[in-house]
Structures are given as structure tokens and as C-alpha cells.
Amino acid sequence: MKVSTDSLILGSYVPVAGVCRALDLGTGSGLLALMLAQRQPMLRVDAIDADQDAVAQARENFIASPWPERMTSYLADVASWQASQNYDLIICNPPYFPQHLASATAAREMARQGLAPVTAWLACVLRNLSPSGQFYWVVPADQKAPRTEAATACGLQLRDELLVYSTLRKGPRLVIQGWQREPCQHLQQRELVIHAGKGYSAEFRRLTGEFYLAGSG
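Predicted model only: the values in this text are computed from it and were never measured.

Take the nonpolar core next. Ile 9, Leu 10, Leu 36, Leu 89 and Ile 176 are the most contacted members of the largest nonpolar core, which totals 33 residues. Elements supplying a minimum of two residues to this core: α1 (5–13), α2 (31–39), β2 (44–49), α3 (52–64), β4 (87–92), β5 (129–140), β6 (157–165) and β7 (172–180). A per-element tally of this core places α2 first, with 7 residues. Setting aside residues no more than four positions away along its own chain, Leu 36 makes contact with Val 16, Ala 22, Leu 43, Val 45, Leu 89 and Ile 91. The next biggest cluster of nonpolar side chains, apart from the first, holds 28 residues, and it includes Leu 23, Cys 92, Leu 156 and Val 193.

Listed below in C-alpha cells is the structure:
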């Protein structure tokens with residue numbers, strides 16, 4: 001299974017203590033859902049995707065895992081997904097377009113690929129998140145401001161933020177944000193540097209070592 005750095009960090013970082021029900025939006029191969037199931041033995045995960053091939057692949061990966069009875073994949077779009085019960089945790093690594101693309105171009109490309117706009121992803125979160133639940137997503141650093149504005153406009157409260165750097169010599173390239181419905185008194189902000197010298201940093205290995213052999217050596 002292909003493992004992207006952003007999903008690897010997101011799935012390792014998200015807090016799962018006390019979480020019983022989770023939703024993975026746009027699951028793809030099911031990587032994030034599998035990581036959650038591994039980290040929390042009591043957790044049940046629903047995973048949705050609008051792509052039929054992705055759902056089939058996720059289902060195969062779930063069946064082959066040690067936790068098939070706790071994982072379910074669905075062919076569904078974020079614009080219409082409504083679960084019978086709300087979730088304690090919602091997680092997603094949503095699709096995005098480079099900042100330089102004109103909005104009209106991005107909109108046409110999203111329509112061609114069947115992708116929903118950010119507002120649809122957030123509306124899905126609001127429909128399905130429990131009153132005390134948490135929502136985590138990963139966004140490119142150059143899209144942090146508009147994504148933060150969109151989530152805040154929906155009434156979500158930013159609770160924590162992880163700035164991810166490739167090296168200390170460069171600015172952040174990814175941002176992981178945690179959101180909740182309830183008012184947040186204090187925003188926790190942290191930083192993670194992936195590379196140090198010719199290898200991975202100690203902090204990156206500590207965070208991801210449970211899942212990624214290259215991160216544990």
C-alpha cells in the first residue's frame with residue numbers, strides 16, 4: 001500500500017484516546033482508517049469514498065487486516081453522507097489544488113474528477129460530528145489561511161495545530177489542524193521537522209515509528 005507522508009503524519013498525530021466511533025472521509029486505500037484501528041483497539045471506523053475503485057481497494061485492505069470486524073468501507077460522497085450515529089472523531093486528507101490555479105479552473109477540474117469543494121467536506125463534518133467530537137485534517141501550508149477561514153465560518157473552533165517542515169531551512173509545507181464544536185480556551189501549536197541531516201529527525205521517528213519502518217530505525 002502506498003504511504004504518503006502527509007497521511008502518515010496525520011494518522012500518527014491524531015489523538016484517539018477514548019474514541020469509539022471514527023469516520024475517514026475520502027479514504028482512498030484506507031490507510032488512515034487502518035492506522036486509527038491499530039492505535040485504538042476499541043475503535044470502529046467507517047470509511048467513505050466517491051471512487052468505486054478506491055472503495056474496493058480499501059475493503060480488500062480492511063479484510064486483510066487484523067481488525068476487519070471493526071472497519072467498513074462505503075461508496076459515498078461527502079455531500080450526501082449521513083450516518084445513523086455521530087462520530088467521536090472525523091479525519092480526512094482532502095484533495096487540493098495548487099494556489100496558483102484560478103478558482104474557475106480548479107472548479108472545472110473538481111467537477112471533472114467528481115470532487116467536492118471544501119465547503120462540502122466541512123458540511124459533512126458538521127452533520128456527522130458529535131457535540132464533543134473532534135475533526136482533524138491536513139492542508140498545504142499555502143492554503144492554511146483559506147481553509148482556516150472556511151472552517152471557522154462553519155462554526156468550528158480550532159483546538160490544535162501542527163506545522164510540518166521538511167527541513168529547518170525551509171518554511172512549513174503542511175499543517176495539521178484539529179477542530180471541535182465547543183469553544184476552545186487555548187490553542188496548542190506545535191512543530192515537526194521531518195528530516196535532520198541525511199535521515200529522519202528523532203521527533204519524526206518517535207511519532208511515526210509504530211507504522212513506518214523507515215521512521216523507526
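Taken together, the buried positions of helix α5 (residues 118–128) are Ala 120, Trp 121, Leu 122, Cys 124, Val 125 and Asn 128. Where α5 is buried, its residues contact β1 (21–25), β4, β5 and α6 (144–153).

The next thing to look at is the sheet that holds strand β8 (residues 188–193). Overall, mixed pairing links the 8 strands, which are arranged β3-β2-β1-β4-β5-β7-β6-β8 in an open sheet. For this open sheet the edge positions go to β3 (71–75) and β8, each flanked by a neighbour on one side alone. Between one strand axis and the next, the sheet turns by 15 degrees as a mean value, whatever way the strands run. Here β1 pairs with β4 via 4 bridges, running parallel. Across the sheet, residue Leu 23 finds its bridge partner in β4, namely Ile 90. α5 rests against β1, β4 and β5 of the sheet, and its axis sits at about 155 degrees to β5.

Let us now look at the environment of Ser 12. The residue Ser 12 is located in helix α1 in this model. The sequence separation of Ser 12 and Arg 39 amounts to 27 residues, and the corresponding C-alpha distance is 8.5 Å. With sequence-adjacent residues up to four places away left out, Ser 12 is seen in contact with Met 35, Arg 39, Leu 207, Thr 208 and Phe 211.

Structurally, the position occupied by Gln 177 is in strand β7. At a separation of 2.8 Å, a polar atom in the side chain of Gln 177 contacts the side chain of Thr 148. Of note is the side chain of Gln 177, whose polar atom sits 2.9 Å from the side chain of Glu 161. Ignoring sequence-local partners within four residues, the contact set of Gln 177 consists of Phe 135, Tyr 136, Trp 137, Lys 144, Thr 148, Leu 158, Asp 160 and Glu 161.

Moving on to the packing of aromatic side chains. Under the criterion given, the structure shown has 4 aromatic pairs. Note on Tyr 200 and Phe 204: the rings are 4.8 Å apart at their centroids and 25 degrees apart in plane angle, and the pair reads as stacked. Judged by relative accessible area, Phe 204 falls into the buried class, the value being 1%. Here Arg 147 stacks its cationic end above the ring of Trp 137, 5.6 Å away from the centre of that ring.

This next bit is on α2. Among the 9 residues in α2, 7 count as buried, and that is most of the element. Within α2 the residues assigned to the buried category are Leu 31, Leu 32, Ala 33, Leu 34, Met 35, Leu 36 and Ala 37. Residues of α2 that are buried make contact with α1, β1, β2, α3, β3 and β4.

A separate point is the packing of α1 against α2. It is at 9 Å that the axes of α1 and α2 come closest, and there the two elements cross at 30 degrees. Of the possible angle classes, the one that applies to α1 and α2 is roughly parallel. Between α1 and α2 lies a crossing whose hand is right-handed. In this structure, α1 uses Ser 7, Leu 8, Leu 10, Gly 11, Ser 12 and Tyr 13 to contact α2, whose residues at the interface are Leu 31, Leu 32, Met 35 and Arg 39. Partitioning the contact of α1 with α2 into residue classes produces 6 nonpolar, 3 polar and 1 charged.

Reading guide: rules and limits
- Residues numbered from 1 in each chain as written.
- Predicted model: local features only at pLDDT ≥ 70, side-chain atom pairs only at ≥ 80, totals over all residues.
- Heavy atoms only, no water.
- Core = buried A, V, L, I, M, F, W, Y, C linked by side-chain atoms within 4.5 Å.
- Buried < 20%, exposed > 50% of the residue type's maximum accessible area, 1.4 Å probe, protein only.
- Helix = DSSP H or I, 4+ residues; strand = E, 2+ residues; numbered from the N terminus.
- Contact = heavy atoms within 4.5 Å.
- Pairing = 2+ DSSP bridges.
- Axes fitted to C-alpha atoms, helices over the stretch in contact; angles between N-to-C directions.
- Polar contact = N/O pair within 3.5 Å; in protein donor to acceptor, adjacent residues only side chain to side chain.
- Phe/Tyr/Trp six-rings, centres within 6.5 Å; stacked < 30°, edge-to-face > 60°.
- Lys NZ or Arg CZ within 6 Å of the ring centre and 35° of its normal.
- Parallel < 35°, antiparallel > 145°, perpendicular 65-115°, else oblique.
- Left-handed = near helix turned anticlockwise from the far one by under 90°.
- Nonpolar A, V, L, I, M, F, W, Y, C, P; charged D, E, K, R; others polar.

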